[in-house]
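# Report on the structure
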Amino acid sequence: MLAYLVRRLAYSVFVLWGAVTIVFVVLRVVPGDPALVILGPDADRAQVAQLRHSMGLDQSLPVQYGHYLLDVAQLHFGTSVRLGGDAMGQILLRLPATAELALAAVVFAVTVGIGLGVAAAARPNSWLDRLISVFTLVIQSTPTFWAGLVLLLVFARQLRVLPSEGAHGWQNVVLPAVTLGLGFLAMVTRLTRSGLLEISHEPYLSTVRAKGLSERVVIFPHAMRNALIPVVTVIGLYLGSVLGGTVVIETVFSWPGAGRLIADSISYRDYNVVQAGVILIAALFVVVNLVVDLLYGLIDPRVRLGGDR
Amino acid sequence: MEPLLSVRDLRVRFGAVTAVDGVSFDVLPGETVAVVGESGSGKSVTMQAVMGLLPRGAEVTGSIVYDGRDLLARPLAETRKLCGTELAMIFQDPLSSLNPVFRVGRQIAESLVRRRGASRKERRAHAVELMRRVGIPDPERRVDEFPHQFSGGMRQRAMIAMALSLGPRLLIADEPTTALDVTVQAQIMRLLADLRRETGMGLALITHDLGVVAGVADRVVLMYAGRVVETGTTREVYDHRAHPYTEGLLASVPDDGGRADRLVPIPGQPPNPLRPPGGCPFHPRCRYVVDDCRTDAPVLVELAGRPADHRAACHRPEAVGA
């Protein structure tokens, strides 16, 4: 178990280094000069050159990369040129709002997804099963930002039942969380359905029936616990895209979270904030996946990690 | 004595396939009845019908009377209530019959918890006690293990413990030793026989192996292609077999003398359930076949000069074993 954790941690460092490097390269490859953005179009050459020098942007890319890696290794993420203050501090300040949104999205997707999956698997090829499968197919083919705009139009503008933006009460989280969770919901639904159908003929379910227990007990917990094994695996993988998705969703719904801050910082060429944000998201992703893998061993006793049997 | 279980003219159809075709037999209280046949003979489907375990879409007719109650005339939910408390069942493959993600003890005590509302502490004590009773060593430790940590024989013992949980009066064992090593098979059969004696429950043993039957069963019911072809007390059927299929099965069981006699297989294959042969279903494989066999299906009748409970479905019972 300990050896497994050590191996996983070493692997995590490698993943983080990859994320750190990619965000560094991408930011410097896209056109746009932070000094120019900060000083505005009226600044003269000398001013720009001086600012570039003070920001270290006049050095060669490998040298910049070296400084950057050293800083990151010491958890120095630099200051935000737009907002002032520590770049990571700015991200962390907005992280709770993002976490609230992501958590709401995951809870929505998992509960509704499992419910729909069970309903579909209960009567395979029934009209309900077909309806659910069309629904998931449509959802999975819909771009998130577009789904968000449609939901806004319908629920905020036409029906006026939910607010369109801001983060003041539970009503505000509904639309962005639903939008963010839709793709995940479709995936959970399909996995739950196929997982349940795959094991529906397992003899151990007959055993439960032979004990005289109801179909409800056959499904919860006997079938579900087995059908959930692949679902849990995918939850871990998908959480990454949920975190990434917050960048788009927070922008569409004006949600004051870390995702929107990253998006804004990209337009302002606020390198340090973008880097801090991406590194934090990558770190969260790594941690979540580790937790999911440990959870996996808890759900399926046959794969106790690095176990003795 | 009133039979504990009385199956009459049971028919089970899955679409165009008739899996069980007019089967009747009784199990008396405390009696061991072996239902013997090849795969596809309908023996397991018959018992699944008794337990209400048939998949959706199965058409069932006839009657299954348990302790005076016709199970087929009542809603399935009523039958389910009897399962576990009155009727219990163990299956062929003990590994796939245990849920891989739950501890063995929890599965053994589940009926007690869900149907009798037992507490956590009672649950554990109950499971340990049952495991001890079926001969699982070190039950205090093994109660917390998972099925994959058990050997095949121990898994089947755990299944038996689970079935005994609420003290059923009839245990249905569907090929309980087929998936086990030969040495373990004998232990499990002995355990079942001992438990039957201790508890006084009836035992319906489904098997394809006549060798297993000889030592434990009071009576045998031989099935072929969804029908009963011969039935009677074990001794009587062994000594005075009256159906060519019984004769074939007995010839294909290794002799207990240990002599290297040649085993004689039954020629041919069991019939295709989608296109069963006309007349007697066994006639294409029968060495005594006459014209009547090809057109007339024989019914199960008493045999001249034999006890009344020895019956066979054959046009020429006198030719068999002659």
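Residues numbered from 1 in each chain as written. Chains lettered and ligands numbered in written order. Predicted model: local features only at pLDDT ≥ 70, side-chain atom pairs only at ≥ 80, totals over all residues. Heavy atoms only, no water.

### A word on the overall build of chain A
When helices and strands are counted, chain A shows twelve helices and zero strands. Ordered by position in the sequence, the α and β elements of chain A form the string α-α-α-α-α-α-α-α-α-α-α-α. Across its three principal directions, the C-alpha atoms of chain A cover 85 × 60 × 30 Å. Contacts spanning at least 24 positions in sequence make up 74% of the contacts within chain A whose residues lie at least 6 apart. Working note: accessible area of chain A is about 16100 Å², and carbon and sulfur atoms make up 68% of it. If the 22 positive side-chain charges of chain A are averaged to one point and the 18 negative ones to another, these points end up 11 Å apart. (Helix = DSSP H or I, 4+ residues; strand = E, 2+ residues; numbered from the N terminus. Contact = heavy atoms within 4.5 Å. Areas by Shrake-Rupley, 256 points an atom, 1.4 Å probe, with all protein chains shown as cover. Lys, Arg positive; Asp, Glu negative; His and termini not counted. Charge placed at Lys NZ, Arg CZ, Asp CG, Glu CD.)

### Notes on the packing of aromatic side chains
Scanning the model with the defined rule gives seven aromatic pairs over all chains in all. Ring geometry for Tyr224 of chain B and Tyr245 of chain B: centres 4.7 Å apart, planes at 55 degrees, overall tilted. Of this pair, Tyr224 of chain B sits in strand 9 (residues 219-224) while Tyr245 of chain B sits in helix 11 (residues 244-251), and the two are 21 residues apart along the sequence. Residue classification places Tyr224 of chain B among the buried residues on the basis of a relative accessible area of 1%. An aromatic cluster of at least three residues, connected via ring pairs, comprises Phe24, Tyr65 and Tyr68 of chain A. (Phe/Tyr/Trp six-rings, centres within 6.5 Å; stacked < 30°, edge-to-face > 60°. Buried < 20%, exposed > 50% of the residue type's maximum accessible area, 1.4 Å probe, protein only.)

### Concerning the domain arrangement of chain A
Residues and elements named next belong to chain A. Taken domain by domain, chain A comprises domain 1 (2-73) and domain 2 (91-303). The C-alpha centroid of domain 2 is placed 32 Å from the C-alpha centroid of domain 1. Contact between domain 1 and domain 2 buries roughly 1600 Å² in total, counting both sides, with carbon and sulfur atoms accounting for 74%. Joining domain 1 to domain 2, the criterion identifies three residue pairs in polar contact (both at pLDDT 80 or more). Among the secondary structure elements, those contributing two or more residues to the side of domain 1 that touches domain 2 are helix 1 (2-29), helix 2 (34-39) and helix 4 (61-73). Here the side of domain 1 that touches domain 2 gets twelve residues from one element, more than from any other, and that element is helix 1. (Domains from an automatic or database assignment. Buried area = accessible area lost by both parts, 1.4 Å probe. Polar contact = N/O pair within 3.5 Å; in protein donor to acceptor, adjacent residues only side chain to side chain.)

### A word on the UniProt feature "transmembrane region" (unreviewed entry) in chain A
All names here are of chain A. Taken from the UniProt record, the annotation "transmembrane region" (unreviewed entry) applies to residues 9-30, 101-122, 134-156, 168-188, 227-253 and 273-299. End C-alpha atoms of residues 9-30 are separated by 32 Å, and the span's content is 95% helix alongside 0% strand. As a span, residues 273-299 carries 100% helix and 0% strand, and end to end its C-alpha atoms are 38 Å apart. (UniProt positions renumbered as here; feature names shortened; annotations may be inferred.)

### A closer look at the interface of chain A and chain B
Across the boundary between the two partners, chain A contributes 26 residues, which contact 29 residues of chain B. Between chain A and chain B, roughly 2300 Å² of surface is buried when both sides are summed, and carbon and sulfur atoms account for 57% of that area. Seen at the junction of chain A and chain B, the total is two salt bridges. Taking the shortest distance from any N to any O, the salt bridge between Glu215 of chain A and Arg80 of chain B comes out at 3.0 Å. At the boundary of chain A with chain B, the tally comes to eleven residue pairs in polar contact (both at pLDDT 80 or more). (Salt bridge = Lys/Arg side-chain N within 4 Å of Asp/Glu carboxyl O.)

### Remarks on the nonpolar core
Residue and element names in this part refer to chain B. Ranked by internal contacts, the top residues of the largest apolar core, which has 70 residues, are Leu5, Met47, Ile108, Ile160, Ile172 and Leu192. With eight residues, the single largest contributor to this core is helix 7 (residues 152-164). Sequence-distant contacts of Leu192, that is, excluding residues within four places in its chain, are made with Ile90, Ile160, Leu171, Ala173, Pro176 and Leu203. (Core = buried A, V, L, I, M, F, W, Y, C linked by side-chain atoms within 4.5 Å.)

### Digging into the sheet that holds strand 5 (residues 69-70) of chain B
Residues and elements named next belong to chain B. What the four strands build is an open sheet, ordered 2-1-4-5; its pairing is antiparallel. Because the sheet does not close on itself, it has two edges, and the strands there are strand 2 (17-27) and strand 5. Here two bridges tie strand 4 (residues 58-66) to strand 5, and the two strands are oriented antiparallel to one another. In the sheet register, Val65 faces strand 5, and the bridge partner there is Asp70. Where helix 1 (residues 43-51) meets the sheet, its contacts fall on strand 1 (5-14), strand 2 and strand 4, and the angle it forms with strand 1 comes to roughly 110 degrees. (Pairing = 2+ DSSP bridges. Axes fitted to C-alpha atoms, helices over the stretch in contact; angles between N-to-C directions.)

### Focus: the packing of helix 5 (residues 87-122) of chain A against helix 10 (residues 215-252) of chain A
Residue and element names in this part refer to chain A. At their nearest, the axes of helix 5 and helix 10 sit 9 Å apart, and the two run at 145 degrees to each other. Crossing geometry of helix 5 relative to helix 10 is assigned as right-handed. Across the interface between the two elements, Thr98, Leu101, Ala102, Val106, Val110, Ile114 and Val118 from helix 5 touch Ile219, Phe220, Met224, Leu228, Ile235, Leu239, Val242, Thr246, Ile249 and Glu250 from helix 10. When grouped by side-chain class, the residues that make up the contact of helix 5 with helix 10 number 14 nonpolar, two polar and one charged. (Left-handed = near helix turned anticlockwise from the far one by under 90°. Nonpolar A, V, L, I, M, F, W, Y, C, P; charged D, E, K, R; others polar.)

### Quick notes on the environment of Phe253 of chain A
Residue and element names in this part refer to chain A. Secondary-structure assignment places Phe253 in the loop between helix 10 and helix 11 (258-267). A relative accessible area of 1% means that Phe253 is categorised as buried. Separated by 81 residues in sequence, Phe253 and Asn172 place their C-alpha atoms 9.1 Å apart.

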